[in-house]
Amino acid sequence: QVQLVESGGGLVQAGGSLRLSCAASGRTFSRYAMGWFRQAPGKEREFVAGISWSGGSTYYADSVKGRFTISGDNAKNTVYLQMNSLKFEDTAVYYCAARRDGVFRAIVDVTTSTEYDYWGQGTQVTVSS
């Protein structure tokens, strides 16, 4: 069993930065692939970024590519999402997710929410224009 707790959300002006953290419990965390998703009011949950268990492969939604960076620290059981150049449309609840299969074999493995086995409770990110 893995428990995920997100933190680092808040209110920021457009153009600003935030770093989200996702702390995981569970001794096998280091073998899990991780992802970040977000859900804006009235919209479906969407993929933001993903990272394989080794950290050797990262993936991003086109809307955040070049602005967001996902990284992991297996020693701290934590995955991060550095968000720069934030835009109003980045406003959403951001969720951390863990996938028992630590290897992404196809892009749908990364981007599909049902491919993930554990979810955090979410953290609100609000970008003011």
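Coordinates for the structure precede this section.
Because the structure is a prediction, the values reported are computed rather than measured.

Here we look at the packing of aromatic side chains
Argument step 1. Evaluation of the coordinates by the stated rule reveals seven aromatic pairs.
Argument step 2. Consider the rings of F104 and Y116, whose centres lie 6.4 Å apart with planes at 50°: the pair is tilted. Of this pair, F104 sits in the loop between β9 (92-99) and α1 (107-111) while Y116 sits in the loop between α1 and β10 (118-119), and the two are twelve residues apart along the sequence.
Argument step 3. Looking at Y116, the relative accessible area reads 5%, which means it is buried.
Argument step 4. Put simply, the rings of F37, F47, Y59, F104, Y116 and W119 pair up and form one aromatic cluster.
Argument step 5. The positively charged end of R31 is found above the aromatic ring belonging to W53, 4.1 Å away from the centroid.
Argument step 6. Between R45 and the ring centre of Y95, over which it is positioned, the NZ or CZ distance is 3.8 Å.

Some points on the pattern of salt bridges
Argument step 1. Summed over all chains, the structure comprises eight salt bridges.
Argument step 2. For E46, the salt bridge goes to R38, with nearest N and O atoms at 2.6 Å.
Argument step 3. For R67, the salt bridge is made with D90, and the minimal N-O distance between the two is 2.8 Å. With R67 in the loop between β6 (58-60) and β7 (68-73) and D90 in the loop between β8 (78-83) and β9, this residue pair connects regions lying 23 residues apart in the sequence.
Argument step 4. Residue classification places R67 among the buried residues on the basis of a relative accessible area of 11%.
Argument step 5. Its relative accessible area of 1% is what places D90 among the buried residues.
Argument step 6. Linked through salt bridges whose partners overlap, the residues forming this network are R38, E46, R67 and D90.

What about the pairing of strand β11 (residues 123-128)?
Argument step 1. By the alternation rule, side chains of β11 split into T123, V125 and V127, which are all buried, and Q124, T126 and S128, of which none is buried.
Argument step 2. Where strand β2 (residues 10-13) and β11 come together, four bridges link them in parallel fashion. Across the sheet, residue V12 finds its bridge partner in β11, namely V127.
Argument step 3. As judged from the three bridges shared by β9 and β11, these two strands associate in the antiparallel manner. Within β11, the residue paired with V93 across the bridge is Q124.

Some remarks on the side chain of T123
Argument step 1. Position of T123 among the secondary structure elements: in strand β11.
Argument step 2. Contact partners of T123, with chain neighbours within four places excluded, come to E6, S7, G8, G9, L20, A92, V93 and Y94.

What counts as what
Each chain carries its own residue numbering, running from 1 in the written order of its sequence. It should be noted that, the model being predicted, local features are given only for residues of pLDDT at least 70 and side-chain atom pairs only at 80 or more, the latter also being counted only at that level, while totals for whole chains, interfaces and linings use all residues. Hydrogens and water molecules were not included; the side-chain quantities draw on all heavy atoms of the structure. The aromatic pairing rule takes the rings of Phe, Tyr and Trp, using the six-membered ring of Trp, and pairs them if the centres are within 6.5 Å, calling planes under 30 degrees apart stacked, those over 60 edge-to-face and the rest tilted. Only DSSP runs of H or I covering at least 4 residues are called helices, and only runs of E covering at least 2 are called strands; the numbering of each starts at the N terminus. Residue burial is assigned from relative accessible area. The probe radius is 1.4 Å, only protein chains are included, and a residue is buried under 20% of its type maximum, exposed over 50%, and partly exposed in between. Two limits define a charge over a ring: the Lys NZ or Arg CZ must be within 6 Å of the ring centre, and within 35 degrees of the ring normal. By definition here, a salt bridge exists when the distance from a side-chain nitrogen of Lys or Arg to a carboxyl oxygen of Asp or Glu is within 4 Å. Pairing between strands is defined by DSSP: at least two bridges between the two strands are required. Contact between two residues is taken to exist if any of their heavy atoms lie within 4.5 Å; hydrogens are not considered.

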